[in-house]
Amino acid sequence: MTDMQAVDSPAVWYGGELSKNRDWILQLDAGSRAELEAAAANVRARGISLEDAKKEDFDLPGLAPTLAAARAELGEGRGFVMIRGLPIGDYSADEIGAILWAIGAHLGVGVSQSTDGDRLGHVIDRGATDRYYTAGGEIEPHVDPVDVVGLLCMRSAPEGGASRIISAQAIHNIMLDECPELLEHLYNGYHYSRRAHGGTVTEHRVPVFAKSDGAMQSYLLPMTIRQAEEEGYPLAAAEQAALDKITEIASRPDVYLDMEFQPGDIQFLNNRVIFHARTDYRDDPDPELKRLLLRIWLMMPDWPARAKDMNFIANTDRAGGGFIPDKVAVA
């Protein structure tokens, strides 16, 4: 029997309460925007690629304290922030990418999001079903397999498409109270497929909840659990019921927090403590106007190590995360 105890941390929160305030939004002022523009322009003028650009390449003296506070909130607070006030209509696509990378570099280390080596992912409906960021419509609660994910809204949907975030630790506590027998299956974990990245199913079970250095962490990718089922790792009825319970709790209005993205909004989430999802939406029929988010993946090397077995990536890019691009892949 697993020793399961309620989690008590700032990352335990309930959307019904947080929806009443907006203290999780950081507003960029004119000075901060000017700093970001200048820093991004300087890196591009020097011919530094995003692959090589680091924190010290982006001089942000005025904005740095705000980003440091955001970093602290991600790692030690609720686990999420939104930065608002970037007028994306004033910039080219390359400038926007450099600005997002500048912000990310002051938070962590950017890593590759696929074996293609893309540092800036495009979250858009491409009709694909093997990765969440290439699918359209509603998306179930999950994490991205890195420490922090950042999403910059380029274009919102004409209707729907809210970013739904949920405190994973709040779900843990609710399940401990309502159905501890199902929660135990989440501690035991699931096998994950790695076929979208040319890999095999994980040899070990990846826990949904586990402690490391006394802190509760979470990990959940239902899509790849289903793919592992197709590859010979079927779920027992109780194991599926435990996953279904996560979805049910995450759908409660008092639990989730919905963010209606506006163009220029940048959301950062700590994947160790936050599940994120997406509500269904009506997209624009014009391919050039479809809902589009620019995504960055960040590793936080100075954070405590991930809980044992809480990983399904076999070969990481750098800073202990991301997918190694094919051009430098190893066996």
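Everything quoted here is computed from the prediction, not taken from an experiment. (Residues numbered from 1 in each chain as written. Predicted model: local features only at pLDDT ≥ 70, side-chain atom pairs only at ≥ 80, totals over all residues. Heavy atoms only, no water.)

Topic: the packing of helix 5 (residues 168-178) against helix 8 (residues 237-250)
The criterion, for reference: Structural elements are reduced to axes, namely lines fitted to C-alpha atoms, with helices fitted over the stretch in contact, and the angle between N-to-C directions of any two is expressed from 0 to 180 degrees. What counts as a helix is a DSSP run of H or I of at least four residues, what counts as a strand is a run of E of at least two, and both are numbered from the N terminus. Left-handed describes a crossing in which the near helix is turned anticlockwise from the far one by less than a right angle; the clockwise case is right-handed. Contact definition: two residues touch when any of their heavy atoms are within 4.5 Å. Gly is placed with the polar residues, together with every amino acid not listed as nonpolar (Ala, Val, Leu, Ile, Met, Phe, Trp, Tyr, Cys and Pro) or charged (Asp, Glu, Lys and Arg).
Where helix 5 contacts helix 8, the axes come no closer than 10 Å and their chain directions differ by 115°. When the axes of helix 5 and helix 8 are compared, the crossing they make is right-handed. When helix 5 is examined against helix 8, the residues Ile171, Ile174, Met175 and Glu178 are found in contact with a partner set consisting of Ala242, Lys245, Ile246, Ile249 and Ala250. When the residues that make up the contact of helix 5 with helix 8 are grouped by side-chain class, the tally is seven nonpolar, no polar and two charged.

Quick notes on the nonpolar core
Quick note on the threshold: By nonpolar core is meant a set of buried Ala, Val, Leu, Ile, Met, Phe, Trp, Tyr and Cys residues that side-chain atoms within 4.5 Å join together. Three exposure classes are used, based on accessible area relative to the maximum for each residue type with a 1.4 Å probe and protein chains only: buried under 20%, partly exposed in between, and exposed over 50%.
Residues Phe80, Met175, Leu186, Phe209 and Phe275 are the most contacted members of the largest nonpolar core, which totals 66 residues. Counting residues in each nonpolar core, the second largest holds 40 residues, with Ile48, Tyr91, Leu120 and Trp303 among its members.

Section: the sheet that holds strand 13 (residues 274-278)
Keep this limit in mind: The rule for pairing is simple: two strands pair if DSSP sees at least two bridges between them.
An order of 5-13-8-11 is seen for the four strands of this open sheet, with the pairing classed as antiparallel. Each edge of the sheet is formed by a strand with only one pairing partner; in this case those strands are strand 5 (139-142) and strand 11 (257-259). On average, adjacent strands in this sheet sit at an angle of 20° to one another, irrespective of strand direction. Where strand 8 (residues 163-167) and strand 11 come together, three bridges link them in antiparallel fashion. Its bridge partner being in strand 11, Ile165 is matched across the sheet by Leu257. Strands in contact with helix 5 are strand 8 and strand 13; relative to strand 8, the strand with the most contacts, it is inclined by about 55°.

Structural notes on the packing of aromatic side chains
Rule in force here: Stacked, edge-to-face and tilted labels apply to pairs of Phe, Tyr and Trp rings (six-membered ring for Trp) whose centres lie within 6.5 Å, assigned for plane angles under 30 degrees, over 60, and everything in between, in that order. The criterion is that NZ of a Lys, or CZ of an Arg, lies within 6 Å of the ring centre and within 35 degrees of the ring normal, and then a charge sits over that ring.
Taken as a whole and judged by the stated rule, the model has five aromatic pairs. Relative to Phe80, the ring of Trp24 has its centre 6.0 Å away and its plane inclined at 55°; by these criteria the two rings are tilted. One end of the pair, Trp24, is in the loop between helix 1 (15-18) and strand 1 (25-27); the other, Phe80, is in strand 2 (residues 80-84), and 56 residues separate them in sequence. For the pair Trp24 and Phe80, one class covers both residues: buried. Members of the aromatic cluster, each reached through a chain of ring pairs, are Trp13, Trp24 and Phe80. Above the ring of Tyr256, the side-chain terminus of Arg164 is found at 3.5 Å from the ring centroid. The positively charged end of Arg291 is found above the aromatic ring belonging to Tyr281, 5.4 Å away from the centroid.

Some words on the pairing of strand 6 (residues 148-155)
In regular strands, side chains alternate between the two faces of the sheet. In terms of residue burial, strand 6 counts as a mostly covered element, since seven of its eight residues are buried. Summarising the sheet, strand 6 and strand 12 (residues 266-270) pair through five bridges and their orientation is antiparallel. Bridged to Gly150 within strand 12 is Phe268. Pairing of strand 6 with strand 15 (residues 292-299), which is carried by seven bridges, proceeds in the antiparallel orientation. Along strand 15, the bridge assignment pairs Cys153 with Leu293.

Concerning the layout of surface pockets
Threshold: Within this scheme a cavity is a closed region of a 1 Å grid, computed over the protein atoms alone, that accommodates a 1.4 Å probe without allowing it to escape, whereas a pocket is open but has protein on both sides within 12 Å along at least five of seven lines; lining residues each have an atom within 4 Å of a point. Grid points are joined across faces, edges and corners, and a volume is the space filled by probe spheres set on the points.
Of the volumes computed, that of the largest pocket is approximately 490 Å³. Counting only elements with at least two residues in the lining of the largest pocket, the list comes to helix 3 (64-76), strand 9 (209-212) and strand 10 (215-218). For the lining of the largest pocket, the element with the highest residue contribution is helix 3, accounting for five residues. Of the residues in the lining of the largest pocket, the class split is eleven nonpolar, eight polar and six charged.

Comments concerning the pattern of salt bridges
To keep things clear, this is the line we draw: When a carboxyl oxygen of Asp or Glu lies within 4 Å of a side-chain nitrogen of Lys or Arg, that pair is called a salt bridge.
Summed over the entire model, instances satisfying the criterion amount to 21 salt bridges. Residue Glu140 pairs with Arg226 through a salt bridge whose shortest N-O separation is 2.9 Å. One end of the pair, Glu140, is in strand 5; the other, Arg226, is in helix 7 (residues 222-230), and 86 residues separate them in sequence. The network of salt bridges with common partners includes Glu51, Arg119, Asp317 and Arg318.

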